Amino acid sequence: MASGGTAFAIMADQLVSGKITDDKGEALPGVSVVLKGTTRGTTTDATGQFKINVPNGNAVLIVSFVGYVRQEIDVNNRSVVNVQLQSDDKALDEVVVVGYGTQKKVNLTGAVSTVDSKALQYRPTATLANALQGVTPGLTVTRQSGQPGAGGVRLQIRGVTSANGNVDPLVMLDGVSVPIETMNTLNPNDIENISVLKDAAAAAIYGAQAAGGVVLITTKKGKAGKVTFDYLAQYGTDWAINVPGRMSLLDEALFSNLARKNSGSAPEYTDEDLQRIRDGIPYVVNPADTGTYLYYNQQSLSDQLLRKYTSMKTHNFTARGGSDKVNFMLSAGYYDKQGVFKVGPDNAKRYNLRLNLGAQLTKHLSLDTRLSYTLERIQQSSAGVDGEGLLYQVYRLRTRTPFFTPEGRYNGAGSAATAYGILESGGYNTYNKRQFDGVANLQAANFVKGLTLRAVAGVQYRPANRQIFSRTVPLWGKSRILSYANNPNFYEVTNELVRNTNLQFLATYEWKVGEKNNFTILGGYQWEDYREEGVTTRSTNLVSNDLPTLNLGDDKTKTNSEYVRARAFQSVFGRFNYNYDGKYLFEATIRQDESSKLAPGLRTKVFPSVSAGWNMQREEWFARALPVFTEFKLRGSWGRLGGALGDNLGYYDYLSQLSRGSNLVLGDSRASYLYQNSIPSAVLSWETIETSDIGIDLGFFQNKLQFTGDYYVKYNRNMLTPMQLPGTIGIGTPRQNNGELKSWGWETEVRYRGQVGKDFTFSVSANLSDNNNKLLSYSGRTVVGAGTNNLIEGYPINTIWGYQTAGYFQTADEVKNWAFQDNRSGAGDVKYIDQNGDGRITVGKGSVADHGDLLLLGTTTPRYQYGFTLSAQWKGFDFTVFLQGVGQRNYRANQESIAPLLVTWKQALAIHSDYWTPENPNALYPRPYVGATHNYLASDKWTLNASYIRMKNIQFGYTLPATLTQKARINQARLFFSGQDLFTISGLKAFQGYYDPETRDGVQNDYPFFATASMGLNISF
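The protein chain is annotated in an unreviewed UniProt entry as TonB-dependent receptor from Spirosoma terrae. According to the UniProt record, the Subcellular location (unreviewed entry) comment for the protein chain is "Cell outer membrane". Its UniProt record gives the protein chain the following Sequence similarities (unreviewed entry) comment, quoted word for word: "Belongs to the TonB-dependent receptor family."

Listed below in structure tokens is the structure:
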């Protein structure tokens, strides 16, 4: 509010003075006072006083200060203008989306993190899920692959929930559950906000489906007022960040010969071969077979087949507007990503359409609809890429054999890499996915004071089809075909369909008793019907190698298969909220779920939770004693959640199921038969996770500085375990609910926003979280082996066990005087420490009680995950940098991946050049040796440190002055640069670039991840 002094007619450039105070009447120094429409301004001094010249009595002053509501004050011919600013309680009064509704953040008693759409803007990421990595504490996002269209991610909230595989979080889109894969196809530009429900108090309202946490996604809606249009165009260049380098052909040949010599076999390359390589001779006719060549190719296979740079582009158009009766948001998006291969199909495109409509039908009745359509087109080779697929051929097969013969045909000599021929002429794998999603929300409000009724209907209809054509490719020698790739050819068609129907009926009633007692009660019913089905048919030995159709295949080899998976859920639930004067908070929820996946009579289970909070800053004694606090809330919660979304409970486990087999040969042909593969688990129930959480929320200096911290413990006390029966039973044993897993951790998040002068504003935020776990009971599982052990009672999930190393043997005498390791051991081999002193390097009995010389080396679980964001704005310029990382992760490299020449055709790479010799005793790698499995046992040497910090995103932007853009009738125009994954520091050291710190466990030759540099333009009009 403003109070005036003496009014008079102000002449040009007359002085106006005044004092700025807070809502308690205390002087505020550093407040910005600007003459509206100009750059003329000043700030208040230490006593809150200011002086400014204004041109006339109609001038308007803009008064702003961080943590307070911005005000525009009419001078109205006054010479003295005193202003009292009101605290900006937006952060406290912020409305947060929670289960089946919203709550003020200040009244939350559960652990809920929110992600604003600004954190996702202008990021050149393929999916929404990727953009969430590191943004909020407690949410782990793991990338699976960099391949366009195959870059699936795994989400995990607060660590491991079950020993029986991943338990996905429940994803709710505009109030309706959707498959988690939806996060890979949503248009990030359509998102308004995201809430992550992490503890039982926040998530228990979703009962059996919430053990893995809940992700609530809300899309943008229309706004009353003039229709506004936004257009975003973004073009980027990508480059792979983990493509391993190859040796030169000469180095590869010398390495191979030395490895063969050390292992007691003849050299692969003769002196004549080596001289031809030195002379640059590409090939000679094979004297032993004049229909073939001896090759000495020195051109890089990677450079011929893999792009140095690829492209991405995205376009988004949005229109928003409406009146007080009807509003709308219409958006269209396009995303295109080119893959790493130069030839053949390797790209993905996505098209998004969305129409969100809201209508106030009557005084009490409103309707909100959210309709969307997504088309994703993924084009890949007919052959696999990872593992021992196409990339394996490029990375590990002999450089000497080129892709083509001198005649220009696809090469079939020796272990020639056939990847070029397969990519260019070997067919395709095309996958088209369509998604039709709709949500309708009919609401009746305040026809009875405080009562709101809602009916919600959600439908997903998602057809998909895949065509795989594996085309036969002839591979040539000099004058004849030596072999064929993709022989016989085949054509396969798969049609899939996912249908999901979700109905909800909700009632909310709010009332007050007196002035300080506030009550809210929610009751609801939900029904869900989910069905996925698919049919696959294949024809082989096609008559034509160029006309892929099922009709041209050999009738004797045609196959088909079908699957159907269906489940139904129905639930009743309720929530009670009470707060006294905003100080004392209490919430209780209860939900009863019934599922078709459980046996009749055992299908119902109840999931309760309670939580409480205390807003201490609202106590008068606290506010007087510690006025620096704007917020000081203590909270605690307890509750139970169900693991229905885990991959540990089948659709029909309670039934006796028959499997079909054809491994029985009777006479001259196979006979088909049916058999029971496992004993049904008739008394199964959901795994139930009991969670306790304590937390604190702090705000300082009118919430310029905010801090949130949580500590939690989770127990899965009825985890599914296999029943221990004699092996002679011959089939799968039933499971029972008697395992136990403990998981615990903590989370912190801090934010600060500030202003320097009248033009420079900035904000800083950081989050850090950790999670650990321990398997308390799992059917007596105590087996310990070398490598990664998934389940061992008394230890975390996925522990790595291996030998401790002490460098390399330097002499043959040192080998003789050391504990026996292997009869191949010699100078230059890895030296393992004999922990138990028995003179042999062994795993003992392979148990917790006796694991021989094995040591616990760590776990594959990422720990101490963090994110850091710095943003600043000055006049039209803006800058944001976002860093993300993991403080501790052990990576156990696949033996086939890390070792050279485990078999003769898997060649050494550039990284293997640093190997042991008497002159290089501390090399990265042991001496070259063919089939050196003894040097690559699980050990601390090959258990890598995959901790890292990565510049996840950096943005520079400039918004053109309004004086320029308004001439073109453009409200705002922003040019920007956005970079993704541009810089990484990791604990991999010498292995950085060969592996990526986010590389999946237990894989080899994975499709690389990409870094992206992009330019963009955003226009509003």
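After that view, the rundown keeps rolling.
This paragraph deals with the pattern of salt bridges. What the rule picks out here adds up to 52 salt bridges. For E272, the salt bridge is made with R276, and the minimal N-O distance between the two is 2.7 Å. Linking E272 with R276, this pair stays in helix α5 (residues 271–279), spanning four residues, or about one helical turn. In this structure, D653 and R735 form a salt bridge, with 2.7 Å as the shortest nitrogen-oxygen distance. On the criterion of sequence distance, the pair formed by D653 in the loop between β34 (629–642) and β35 (658–666) and R735 in strand β39 (residues 735–756) is long-range, its members being 82 residues apart. A relative accessible area of 19% means that D653 is categorised as buried. Each member of the salt-bridge network shares a partner with another, and the members are R158, K198, K633, R635, D693, D697, D710 and E747.

What follows is about helix α4 (residues 249–262). Between its first and last C-alpha, α4 extends 20 Å over 14 residues, near the 20 Å set by a 1.5 Å rise per residue. If you check which residues of α4 are buried, you get L249, E252, A253, F255, S256, N257, A259 and R260. Those residues of α4 that are buried lie in contact with α5. Where α4 terminates, the next one or two residues include G264, which has phi positive at roughly 85°.

Reading across the sheet, the three strands line up as β41-β42-β45 and stay open at both edges, with antiparallel pairing between neighbours. At either end of the open sheet lies a strand with only one pairing partner, and these are β41 (787–789) and β45 (854–859). When the angles between neighbouring strand axes are averaged without regard to direction, this sheet yields 35°.

Once that is clear, we can look at α5. Among all positions of α5, only D273, L274, R276 and I277 are buried. The buried residues of α5 all sit within an arc of 160° when viewed along its axis, so they share a single face. Looking at α5, the residues exposed on the side facing more than 90 degrees away from the buried face are D271 and E272. Residues of α5 that are buried make contact with α4, β19 (283–285) and β20 (293–295). Two residues or fewer past α5, G280 is found with a positive phi of approximately 75°.

In this model, the protein chain carries an average pLDDT of 90, and 98% of its residues clear a pLDDT of 70 or more. Contacts of residues 1–11 to residues separated by more than four positions or lying in other chains number 33 contacts, the stretch itself having pLDDT below 50.

This paragraph deals with the packing of aromatic side chains. A full pass over the atoms with the stated rule returns 52 aromatic pairs. An angle of 45° between the planes, with centres 6.3 Å apart, marks the rings of Y925 and Y936 as tilted. Placement of the pair is Y925 in the loop between α11 (895–898) and β49 (943–945) and Y936 in the loop between α11 and β49, with a sequence separation of eleven residues. For Y925, a relative accessible area of 1% gives the class buried. Here the aromatic cluster, defined as three or more aromatic residues joined through ring pairs, consists of Y891, Y925, Y936, W942, F991, Y994 and Y995. Seen from the ring of Y431, R466 lies directly overhead, with NZ or CZ sitting 3.9 Å from the centre. The aromatic ring of W818 is capped on one face by K831, whose charged end is 4.8 Å from the ring centroid.

Looking now at the environment of Q617. Structurally, Q617 is set in the loop between β33 (604–615) and α9 (620–625). According to the relative accessible area criterion, Q617 is buried, its value standing at 10%. Once you skip the residues sitting within four places of it in the chain, Q617 turns out to touch F622, A623, F629, T630, E631, F632 and K633.

A few words on the side chain of Q955. Relative to the helices and strands, Q955 is located in strand β50 (residues 948–959). A polar contact is formed between the side chain of Q955 and the backbone oxygen of Q121, at a distance of 3.0 Å. Setting aside anything within four residues of it in sequence, one finds Q955 in contact with Q121, Y122, R123, D878, F879, T880, R974, F977 and S978.

The next subject is the domain arrangement of the protein chain. On domain assignment, one finds that the protein chain holds domain 1 (14–84) and domain 2 (95–223). Centre-to-centre separation of domain 1 and domain 2, based on C-alpha positions: 43 Å.

This paragraph deals with the environment of L232. With respect to the helices and strands, the residue L232 is situated in strand β18 (residues 225–240). You can call L232 buried: its relative accessible area is 5%. Sequence spacing of L232 and I1019 is 787 residues, and the spatial spacing of their C-alpha atoms is 6.6 Å. If we ignore the near neighbours within four places in the chain, the residues touching L232 are Y122, N189, T314, H315, N316, F976, L1017 and N1018.

Here we take up the side chain of D593. With respect to the helices, strands and loops of the structure, D593 is situated in strand β32 (residues 584–595). Since its relative accessible area comes to 0%, D593 is described here as buried. At 2.7 Å, the side chain of D593 and the backbone nitrogen of A208 are in polar contact.

On to the sheet that holds strand β6 (residues 60–64), then. Read across the open sheet, the four strands follow the order β4-β3-β6-β7; overall the sheet is antiparallel. Edge positions in the open sheet fall to β4 (41–43) and β7 (71–74), since each of these has one partner strand only. The sheet shows a mean angle of 20° between the axes of neighbouring strands, direction not considered.

Right, let's talk about a nonpolar patch on the surface for a bit. Together, F447, V448, L453, Y509 and I521 give the surface a local cluster of nonpolar side chains, amounting to about 400 Å² of exposed area. Within the secondary structure, F447 is located in the loop between β25 (427–445) and β26 (451–470). Relative accessible area serves as the criterion here: at 41%, F447 is assigned to the partly exposed category.

Neither face of strand β3 (residues 32–35) is exposed, since S32 and V34 on one face and V33 and L35 on the opposite face are all buried. Pairing of β3 with β6 involves four bridges; the strand directions are antiparallel. In the strand pairing of β6, V33 is matched with V63.

Moving on to the packing of α4 against α5. Interaxial distance between α4 and α5 falls to 10 Å at its minimum, and their mutual angle equals 160°. For the element pair α4 / α5, the angle class is roughly antiparallel. Helix-helix and strand crossings are classified by hand; for α4 and α5 the assignment is left-handed. Taking contact as the criterion, the partners of L249, L250, A253, L254 and N257 in α4 are, on α5, L274, I277 and R278. Considered class by class, the residues forming the contact of α4 with α5 number six nonpolar, one polar and one charged.

Pairing geometry for strand β9 (residues 95–98) and strand β10 (residues 101–104), over four bridges, is antiparallel. Of the residues in β10, the one forming a bridge with V95 is K104. Here β9 folds back onto β10 in antiparallel fashion, the turn holding two residues, of which Y100 has a positive phi close to 60°.

The rules we used
- Residues numbered from 1 in each chain as written.
- Predicted model: local features only at pLDDT ≥ 70, side-chain atom pairs only at ≥ 80, totals over all residues.
- Heavy atoms only, no water.
- UniProt positions renumbered as here; feature names shortened; annotations may be inferred.
- Salt bridge = Lys/Arg side-chain N within 4 Å of Asp/Glu carboxyl O.
- Helix = DSSP H or I, 4+ residues; strand = E, 2+ residues; numbered from the N terminus.
- Buried < 20%, exposed > 50% of the residue type's maximum accessible area, 1.4 Å probe, protein only.
- Expected span 1.5 Å × (residues − 1).
- Contact = heavy atoms within 4.5 Å.
- Pairing = 2+ DSSP bridges.
- Axes fitted to C-alpha atoms, helices over the stretch in contact; angles between N-to-C directions.
- Arc of directions from axis to C-beta.
- pLDDT = per-residue confidence, 0-100.
- Phe/Tyr/Trp six-rings, centres within 6.5 Å; stacked < 30°, edge-to-face > 60°.
- Lys NZ or Arg CZ within 6 Å of the ring centre and 35° of its normal.
- Polar contact = N/O pair within 3.5 Å; in protein donor to acceptor, adjacent residues only side chain to side chain.
- Domains from an automatic or database assignment.
- Patch = residues over 30% accessible without salt bridge, like charges linked within 9 Å, V, L, I, M, F, W, Y side chains within 5 Å.
- Areas by Shrake-Rupley, 256 points an atom, 1.4 Å probe, with all protein chains shown as cover.
- Parallel < 35°, antiparallel > 145°, perpendicular 65-115°, else oblique.
- Left-handed = near helix turned anticlockwise from the far one by under 90°.
- Nonpolar A, V, L, I, M, F, W, Y, C, P; charged D, E, K, R; others polar.

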